[in-house]
Amino acid sequence: MPILIEVLAGASQGKFFRVENGRTLGRSVADIVINDPNISGTHAKFDTDNKGQLILLDLDSSNGLILAGKKVRKIAMLPSVKFQIGRSRFVVRDLSEAEAEKLAPKLSWQNQLRDYLTENPLPTTQEVEGFGEFNPLLILEFIRGPLAEEVVSVGFGPRTVGSNTYDIEVPDERMPDRAFLLVSEGGRPRLENLCGQSLTLNGVVVESQILQSNDRLESGDTVIQVRFK
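The present account deals with the structure reproduced in this document. (Residues numbered from 1 in each chain as written. Predicted model: local features only at pLDDT ≥ 70, side-chain atom pairs only at ≥ 80, totals over all residues. Heavy atoms only, no water.)

**Let's talk about the nonpolar core**
Counting residues in hydrophobic clusters, the biggest one holds 22 residues, and the most contacted among them are Leu138, Leu140, Phe180, Leu182, Leu191, Leu211 and Leu217. At the level of elements, strand 12 (132-144), strand 16 (180-185) and strand 21 (222-228) are the ones that each hand at least two residues to this core. Considering each element in turn, this core owes the most residues, 4 residues, to strand 12. Among all residues touching Leu191, those that are not within four sequence positions of it are Phe180, Leu181, Leu199, Leu201, Val206, Glu207, Ser208, Gln209, Leu211 and Leu217. Core analysis: the second largest hydrophobic core is formed by 20 residues, Ile34, Phe46, Val81 and Ile85 among them. (Core = buried A, V, L, I, M, F, W, Y, C linked by side-chain atoms within 4.5 Å. Buried < 20%, exposed > 50% of the residue type's maximum accessible area, 1.4 Å probe, protein only. Helix = DSSP H or I, 4+ residues; strand = E, 2+ residues; numbered from the N terminus. Contact = heavy atoms within 4.5 Å.)

Here it is, written out as structure tokens:
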């Protein structure tokens, strides 16, 4: 039977979302987008534990997941379980397919895109935070992993790098779907970490940092060396 989460409190109050293994939840870079400033861009992910139970797993977010007033790393998606993320409160609903279809219908990707763009119109390039060229040209040299010995030139930002993105896609099963974002800050490339502990810069986990020549990025089985041209 379909499992849904209902938003009980917060800016998205009253909305229902289908819960499926692999879907992410967050403020911006996620499958389920919740309009809440206290929720990270990619805050959590629905997964299954070693018993096959569907869970919501925290992705090393700033504010974590709150269950019964306590900060936890994962929450079992069992009927009637209530939890909080940021300022938003949720409850798990176990419904029939007919009920689920009324509250959160399965849409074609075209209709999902249409509805998303209706609520979130595409900004112009002037409105996109971090939009601009990289000067000098940013070079990503893959020195380990599925793309070893390949070189990618990045002339502008923002650009998303990950194992499941339509931008710079890395076929690394151990790398998160969206590992990091490259934005322009006065022509310099700034790294924005989208996956928490799953990404390191020179062996250290950072949230955001200007990239320098010879920096090393590691995520999954992939190692990338930063160069400029």
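Now that the structure has been shown, we can carry on.
**Here we look at the pairing of strand 13 (residues 151-157)**
As defined by bridge partners, strand 12 adjoins strand 13 across 6 bridges and the pair is classed as antiparallel. Pairing of Glu141 across the sheet is with Val151, part of strand 13. Adjacent in sequence and paired antiparallel, strand 12 and strand 13 are bridged by 6 residues, among which Gly145 carries a positive phi angle near 110°. (Pairing = 2+ DSSP bridges.)

**Structural notes on the environment of Leu4**
Tracing the backbone shows Leu4 in strand 1 (residues 3-9). Taking the relative accessible area as the measure of exposure, Leu4 reaches 0% and is therefore buried. Here the alpha-carbon distance between Leu4 and Leu103, two residues 99 residues apart in the chain, equals 8.9 Å. Setting aside chain neighbours within four positions, we find Leu4 in contact with Phe16, Phe17, Arg18, Val19, Val91, Val92, Arg93, Leu95, Ala100, Leu103 and Ala104.

**Topic: the side chain of Asp58**
For Asp58, the position within the fold is in strand 6 (residues 54-58). Buried and unpaired, Asp58 has no salt bridge, with Arg73 as the nearest side chain of opposite charge at 4.4 Å. A distance of 2.5 Å separates polar atoms of two side chains, one belonging to Asp58 and the other to Ser61. (Lys, Arg positive; Asp, Glu negative; His and termini not counted. Salt bridge = Lys/Arg side-chain N within 4 Å of Asp/Glu carboxyl O. Polar contact = N/O pair within 3.5 Å; in protein donor to acceptor, adjacent residues only side chain to side chain.)

So far we have only geometry, and geometry alone does not tell us how the molecule works.
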